[in-house]
Amino acid sequence: MTELQGLFFWGFLLAFGAVMYLVAPKSSDEAGFFRGYGAQGRPASERALMMSIFISWIFAKSVTNAANLGAAYGIVGGLAYAAYWLSIPLAGLVIYRLRTREGATGLVPFLVAKYGRGGALAFSAAILIRLFNEVWSNTAVVGGYYGDPGSTGFIASALLFTAAVLLYSLKGGLRASIFSDVIQAVVFILFLGVVLAFVFPAHSPAKLLTEGKFALDSGADLLLVALLQVLSYPFHDPVLTDRGFITRERTMLRAFIVAGILGFAAILAFSLVGVHARLEGIKVTSNVPVDVARGLGFAGFFAMVVVMVTSAGSTLDSTFTSLSKLVARELPLLAGRVPSPRAMTIGSLTMVSFALLGNLPMIAGTDILKATTISGTMVIGLAPIFLFSRWVGHSPLSFHLAFWTGVTLGVLQAAELIPASWAIGSGKYAILLGTNLYGLVLCSLVFFLPLAFPRRRVILNSQS
């Protein structure tokens, strides 16, 4: 790349930040900043909500992981990662039930009422870890297009991108996030089409869609892991769940279902970039889109950068707004206090703090796929907590037995202490599959365990 072309790419980052800041609406009250309401006090439209959910869940690390898995396992790898997007319709259905049958106004208030403040506090801690991971794992992807990991270009571009997103997030909170998401979704779809236009002429769709084989040692084990984690994974992501409580129930549900279908299709389509690399025999690193983009010429490389910046930006602004809401409004409720009148200021300071601290792992360097698979295992205990809540009354013990069992298994998995006998198959994800399958069964059993003791019998929910 020439010096002039390099300046163009740096100018694009600056232009992205300037344009987003200029067009993003300003929020002057908490309804706009924390709930995404417009100037007239109206919630986001169904179309805007659907586009926001769609693009905010198309993380930059997600499209990168999809391409990496496509390169490793062919279309099976792409399907494995796309399966996580089934989380969105499932979350919509569960949140619809929580709102219509259990009167929930948010996941944290629901947990306080159903499982006590201790359970809600543990859940909030998991959310903070999740959101912390979202910062570095997305900025690192953008940095990969400006230099090798750890280089000056890599770190400087990631920090510049963070600052650009932070500025317009501070301006409008969730309202600005949803508004910018609509723009970013349109741009993402257009440039995804451009990227695929560079890939498809090299191989027919039939060739791309039949590459790979469905076997446990060829990516099918990860597909099964994803299908298991779908039952719990969406509930620890406020980027998704916060959007489940800002519009009417049926509007929300339709938006979640459509967004999930679109997200599945988009991730599967982008995985074809990795399948293309596999068929071409391109020497790949841990960032397949970058490896492929380098062979697409200036225009193809730029299209790839636009795809990554828009997907990362939509996720990062949603991460900042979810963090601000959690710290400024929900943590005070857990402490039994009314949120401060200066909640917007506290929320803004929270965004700035996490913009700084959240980039430390990016600077240190780490594997972005771990932000999905490991955290997904640690929260498998959330599946019975949300899916089976209607069958128990107020039961803090049920929450803690299920939640901490999942966390323990996730820690053991990360430390490689799960016994080999738990492996299912012989593939790379054999232990991960066994841990999630057996762990999900175990978490569900201990969730219902308090019902077996007469003296501690949980009052059955009258709606069951």
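Heads up: the structure comes first, above all this text.
Residues numbered from 1 in each chain as written. Predicted model: local features only at pLDDT ≥ 70, side-chain atom pairs only at ≥ 80, totals over all residues. Heavy atoms only, no water.

Caption draft 1: Examining the environment of F354 more closely. For F354, the position within the fold is in helix α15 (residues 343-357). Taking the C-alpha atoms as reference, F354 lies 37 Å from A423; in sequence the two are 69 residues apart. Not counting chain neighbours up to four residues away, the residues in contact with F354 comprise L128, F132, V135, F320, L323 and N359. (Helix = DSSP H or I, 4+ residues; strand = E, 2+ residues; numbered from the N terminus. Contact = heavy atoms within 4.5 Å.)

Caption draft 2: Inspection of the pattern of salt bridges at higher detail. Taken as a whole, this structure holds 11 salt bridges when the rule is applied. Residues R97 and E102 are paired through a salt bridge, measuring 2.8 Å at the closest nitrogen-oxygen approach. We note a salt bridge from D242 to K325, for which the minimum N-O separation is 3.7 Å. With D242 in the loop between α11 (238-241) and α12 (249-280) and K325 in helix α14 (residues 297-334), the pair connects residues that are 83 residues apart, well separated along the chain. A relative accessible area of 12% means that D242 is categorised as buried. (Salt bridge = Lys/Arg side-chain N within 4 Å of Asp/Glu carboxyl O. Buried < 20%, exposed > 50% of the residue type's maximum accessible area, 1.4 Å probe, protein only.)

Caption draft 3: Structural detail: helix α6 (residues 87-101). Compared with an ideal rise of 1.5 Å per residue, which puts 15 residues at 21 Å, α6 spans 21 Å between its outermost C-alpha atoms and is within 8% of the ideal. Those residues of α6 hidden inside the fold are in contact with α3 (46-56), α7 (107-143), α11, α12 and α18 (382-387). With its phi angle positive at about 65°, G103 sits one or two positions after the end of α6. (Expected span 1.5 Å × (residues − 1).)

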